Every structure is written in structure tokens, then in C-alpha cells.
Amino acid sequence: MIIRLKSSVSPSQAQQLGEAIKAIVVKEPEGYVLVAGASTKEIPAAVADFAEEGIVTATDLQLASRKYRSETREIQLHKEVKIGGETANTVMIAGPCSVESREQVSEAATFVNGLGIKMFRGGCYKPRTSPYSFQGMEEDGLKLLAEMRDLHDFSIVTEVRDATHVDKVIEYTDVIQVGAKAMYDHGILKACGKARKPVLLKRGFGTTLQEFVQAAEFILSGGNSEVMLCERGIRTFETKTRFTLDLCGVAWLQEHTNLPVILDPSHAMGYRYGVPALTRACTAMGIDGLIIETHPDPDKALSDASQQLNFDQFEEMYHSLMPILTAVGRRMV
Ligand code: PEP
Ligand code: MN
């Protein structure tokens, strides 16, 4: 149960009430709530006088649940870009898999900016499967991203790989990306809960929808209400494609959660030939955002070479989304 406290309740009173019933105290944009969990079915007597209302949810889907908030949360990602809420925006996030060099990131940033896209991605701490693969430019890469932000007025999306550098990424980035392999790391989730920046949380490739949303609950209950969910493909018996994009899962997230949903067809497919058509399919689902990898010379990319689109492919795909967006009553930002 989530108990909304009356607006007259002070921060210290909210803490005392939370302690009294062993609930987590969360400051939501509208005021304090106590999250008492799924086993609490009625407002406890100890807090009844201070409660506005109690919302019962059946599972650990609490702050992320549409039962608690029927509207999708609205998040400001850039001064000109909002996601979720009433906006009907489909936000495009584009850029290379990794920041590799000044030249590579500058070329990608100039291209992305030329299309009017405001959200630029690029990883600097890469969660590679092999220790012998490129691991990312780390802080030097973050500095290059900061330069691109200043030059093109971007908001930057970059990922944390582990809790050792989470503070550094939070310092530089505008949106914290938590990757598929990092989403179970409680050090990261807790740091994201305390951060005052939006979080793009990716679904692990062996993660159920329930576990995925529970990871988001760690961030929400930690005090950060700005969480977006990203489906990027799960592992199934199929090996011809890199992963399987779970569009049924996306429909479930849209129905049951109040968090904006972003789709990542690049990592799901793993091969660039499928990415444009898959992106169109994602767009037709009326989603809140897309994250797509593009690189000046994909075959030479230091990570995810087979799936990144070259600029011509990206541009053609981007324009092809517009009639689909119109058909589903959304607009690209
Ligand atoms: C990425 O966005 O480049 C990435 C590593 O994604 P994921 O965590 O989904 O594998
Ligand atoms: Mn990648």
C-alpha cells in the first residue's frame, strides 16, 4: 500500500510516521508518501490522521504502478524535450555505441544535430562481455560528451557500468543510463535514487517484467521520480538475432506502469539490416522514446559494429518514422 500524506505534514513528521509503520518515506513531486508494501491492505491506525488516501497494489509494483498514478510520469530531458505525461512525444536518442575519439564523436554529434535531435548518446564505461574488448574512454570520453553538449545544445545520455564510477557519470551526464548488465547493481540503483537527474533503466536480457519494474522501484523509492524503462531485447532460444525484442512486454509496461517506455531496437536485433524496420514497428506501438545507435563508419566501430546504422541509413529510417507517428497521434522530438 502507498499512503499519500496530507500536504500539511512536515518532512520530519513524514519521517516519524514512516518509522512508526516501517514504511519507506518518499518525497514525490506532489508531496510525501509512505510505501508500506503489498502486504499492507489498510491504512495503519498510527498514521490515519495524517493520511490523505491509501492506494492498495497487489504486488511490489508500487510507485511505478498505474493504480497509484494513472498518468505516465512526465520528465524534462532537455529544455525543449519532455517525455511522457500528456506530451504525445516520441523522443529520439541517437549516437554511437561508444565514444571512441574526438573525431568520431564530433562527426556523430554533427550528424545527429543536423537532424534536429537533441538527445545524444555514447558510452564511456562499456559493459563488455570480454576483458579483451574495448572498455571505453572513461572520463576522457565524458569530457568529449560535455564538449558536444556545449557545442550542439544536447542533453547527454551515457551509461554507468558499475558503482565505482557512478558519481563521475552522474556529474557529467544529463540522463543516467543503467545498462542491461548493470540493472541489478544495488549500488548503482541507490546512487540513481539519490541523483537529481533522469534515469534510463534498461531491462536485463534475463529479467522478467516484474524484476525489471522492481529495479525501477529501488530508484523511485530512493527519492528519484524520474525513471524511464527501456526494453532492449531478452534472451530466448533464438540465436539468429542477437536478442528478441519483447513487444508484448512493452504493451504490458504501457498498461501497468506509469513510467515512460523507450525502445532500443539496435541492441535487440544486433544486425543493422533489421534495425530500420524494427524501429518502425516500435514507433507504431505509440512509445515514448527510441534509442538508436549510429556511427560514422559502423564497420570500424570499437563496440557493436554490426548493429550501428551509418548516417545515410539512419537518416532514411528517421524520415520514414514520420507518417507512422502521425498515424498513432504522436510527434518526434
Ligand atoms: C548500450 O546502450 O550500448 C548498451 C551496452 O546497451 P545494453 O546495456 O542494453 O546492452
Ligand atoms: Mn551498444
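For the structure, check the block above.
Residues numbered from 1 in each chain as written. Chains lettered and ligands numbered in written order. Predicted model: local features only at pLDDT ≥ 70, side-chain atom pairs only at ≥ 80, totals over all residues. Heavy atoms only, no water.

(A) Quick look at the sheet that holds strand β2 (residues 24-28). If you walk across this open sheet you meet the 4 strands as β2-β3-β1-β4, and the pairing is antiparallel. Either end of the sheet is taken by a strand with one partner, and the two such strands are β2 and β4 (51-55). Recorded for the sheet is a direction-independent mean angle of 25° between the axes of neighbouring strands. Sheet topology places β2 next to strand β3 (residues 31-35); 5 bridges connect them, and they run antiparallel. Within β3, the residue paired with valine 26 across the bridge is valine 33. Sheet strands touched by helix α1 (residues 11-21): β1 (2-5), β2 and β3. Its angle to β3, the strand with the most contacts, is close to 10°. (Pairing = 2+ DSSP bridges. Helix = DSSP H or I, 4+ residues; strand = E, 2+ residues; numbered from the N terminus. Axes fitted to C-alpha atoms, helices over the stretch in contact; angles between N-to-C directions. Contact = heavy atoms within 4.5 Å.)

(B) Structural view of the coordination of the manganese ion (ligand 2). Every protein donor of the manganese ion (ligand 2) is listed here as Cys97 (SG), His267 (NE2), Glu293 (OE) and Asp304 (OD), and their distances to the metal cover 2.0 to 2.3 Å. Between consecutive donors of the manganese ion (ligand 2), the numbers of intervening residues give the motif C-x169-H-x25-E-x10-D. Remark: glutamate 293 occurs in strand β14 (residues 289-293) and cysteine 97 occurs in the loop between β7 (89-95) and α2 (102-114); sequence separation between them is 196 residues. This pair shows no difference in class: cysteine 97 is buried, exactly as glutamate 293 is. (Donors = N, O, S within 2.8 Å, 3.2 Å for Na, K, Ca; no water. Buried < 20%, exposed > 50% of the residue type's maximum accessible area, 1.4 Å probe, protein only.)

(C) Spotlight on the environment of threonine 57. Residue position: threonine 57 is located in the loop between β4 and β5 (75-78). Judged by its relative accessible area of 2%, threonine 57 is buried. When the C-alpha atoms of threonine 57 and lysine 118 are compared, they prove to be 37 Å apart, with 61 residues separating the residues in sequence. Aside from chain neighbours lying at most four places away, what touches threonine 57 is Ala38, Gln62, Ser65 and Lys67. Polar side-chain contacts of threonine 57 include one of 3.1 Å to the backbone oxygen of leucine 61. (Polar contact = N/O pair within 3.5 Å; in protein donor to acceptor, adjacent residues only side chain to side chain.)

(D) Spotlight on the site of ligand 1. In the neighbourhood of ligand 1, the contacting residues comprise Cys97, Arg121, Lys126, Pro127, Glu159, Gln177, Gly179, Ala180, Lys202, Arg232, His267 and Glu293. A distance of 2.9 Å separates an oxygen atom of ligand 1 from a polar atom in the side chain of glutamine 177. Here an oxygen atom of ligand 1 and a backbone polar atom of alanine 180 are 2.8 Å apart. Contact with the protein chains hides 94% of the accessible area of ligand 1, taken as 300 Å² for the molecule alone. Counted by class, the shell around ligand 1 contains 3 nonpolar, 3 polar and 6 charged residues. (Near = heavy atom within 4 Å. Areas by Shrake-Rupley, 256 points an atom, 1.4 Å probe, with all protein chains shown as cover. Nonpolar A, V, L, I, M, F, W, Y, C, P; charged D, E, K, R; others polar.)

(E) Structural view of the packing of aromatic side chains. What the rule picks out here adds up to 6 aromatic pairs. Centroid distance phenylalanine 314 to tyrosine 318: 6.0 Å. Interplanar angle 20°. Geometry classified as stacked. Here tyrosine 318 and phenylalanine 314 lie together in helix α10 (residues 311-320), a separation of 4 residues that amounts to about one turn. The class for phenylalanine 314 is buried, based on a relative accessible area of 0%. On the accessibility criterion, tyrosine 318 (7% relative accessible area) is buried. Chaining the aromatic ring pairs together yields one cluster made of Phe111, Phe311, Phe314 and Tyr318. Lying across the ring of phenylalanine 243, arginine 232 places its NZ or CZ 4.3 Å from the centre. (Phe/Tyr/Trp six-rings, centres within 6.5 Å; stacked < 30°, edge-to-face > 60°. Lys NZ or Arg CZ within 6 Å of the ring centre and 35° of its normal.)

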